[in-house]
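Structural characterization, general
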Amino acid sequence: MKLPRSAAGWTIAVFGVLALVLGLVGLIRPEALLRLLGFEVIDAADRASGDYTRTYIAASSMAAVNMGVYYLVAVHTEWRAFFRFTVFFRLVTFSVFTTLVLTDSAPGKFFGVAAWEGLGAVATGVGLWIDSRRSDVALTSPATGVVRSPTDAGR
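Residues numbered from 1 in each chain as written. Predicted model: local features only at pLDDT ≥ 70, side-chain atom pairs only at ≥ 80, totals over all residues. Heavy atoms only, no water.

**Describing the side chain of T98**
- Inspection of the secondary structure assignment puts T98 in helix α4 (residues 80-102).
- Look at T98 and you get buried, because its relative accessible area is 14%.
- A polar contact of 2.8 Å, which involves the side chain of T98, links it to the backbone oxygen of F94.
- Non-local contacts of T98, meaning those with residues more than four positions away in its chain, are made with F111 and A114. (Helix = DSSP H or I, 4+ residues; strand = E, 2+ residues; numbered from the N terminus. Buried < 20%, exposed > 50% of the residue type's maximum accessible area, 1.4 Å probe, protein only. Polar contact = N/O pair within 3.5 Å; in protein donor to acceptor, adjacent residues only side chain to side chain. Contact = heavy atoms within 4.5 Å.)

Laid out in structure tokens, this is it:
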């Protein structure tokens, strides 16, 4: 895989790699992921009948692996429309996760996930803004080979 060609691309790449890695951690060591997120880890023998925590962690972790791959594909193709799309929805995620912490539906440590989403959205937004101001960056479309400016990419 090629290195990102833009400031926004770097922010998407970092998030993609982290989503992929943390997703794999959740699949391989779900207890480690639960601890990292601030949730209490209960031994499997002590779980109540009908407790599907491990199932949910596996499903969420697989979704994170997929999301990481999607982000890395977007970086590889310099898919600017996707970059812009993530800014809004990561801010929505920040709002929802912050609300979960504020309403005591999630532990305080879980705010780290909300902060990561919010800061990531802002970083990508700033990266998109920087890229739109750079005149020395030309992007080549992998599909067509056409060279275009960062502001045209993704259209």
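There is more to say after this.
**Comments concerning a nonpolar patch on the surface**
- A cluster of nonpolar residues, V14, V17, L18, V21, L22, V25, L36 and W116, forms a patch on the protein surface that exposes about 610 Å² of accessible area.
- Broken down by element, the nonpolar patch gets its largest block of residues, six residues, from helix α1 (residues 7-28).
- Counting through the fold element by element, W116 comes out in helix α5 (residues 111-133). (Patch = residues over 30% accessible without salt bridge, like charges linked within 9 Å, V, L, I, M, F, W, Y side chains within 5 Å. Areas by Shrake-Rupley, 256 points an atom, 1.4 Å probe, with all protein chains shown as cover. Salt bridge = Lys/Arg side-chain N within 4 Å of Asp/Glu carboxyl O.)

**Digging into the confidence of the model for the protein**
- Of the residues in the protein, 86% have a pLDDT of 70 or more, and the chain-wide mean is 88.
- Ranking the elements of the protein by mean pLDDT puts strand β2 (residues 147-148) last with 54 and α4 first with 97. (pLDDT = per-residue confidence, 0-100.)

**Some remarks on the packing of aromatic side chains**
- Tallied over the entire structure, the rule returns nine aromatic pairs.
- A centroid spacing of 4.9 Å and a plane angle of 85° characterise the contact between F88 and F89, whose relative ring orientation is edge-to-face.
- Under the relative-accessibility criterion, F88 is labelled exposed at 51%.
- When the ring of F97 is compared with that of F110, the centres are 5.1 Å apart and the planes differ by 50°; the resulting orientation is tilted. You can see F97 sitting in helix α4 and its partner F110 sitting in the loop between α4 and α5, a full 13 residues away along the chain.
- For F97, a relative accessible area of 22% puts it in the partly exposed group.
- Through a chain of ring-to-ring contacts, the aromatic side chains of F15, Y71, W79, F82 and W116 assemble into a single cluster.
- The ring of F15 has R90 lying over it, and the distance from NZ or CZ to the ring centre is 3.7 Å. (Phe/Tyr/Trp six-rings, centres within 6.5 Å; stacked < 30°, edge-to-face > 60°. Lys NZ or Arg CZ within 6 Å of the ring centre and 35° of its normal.)

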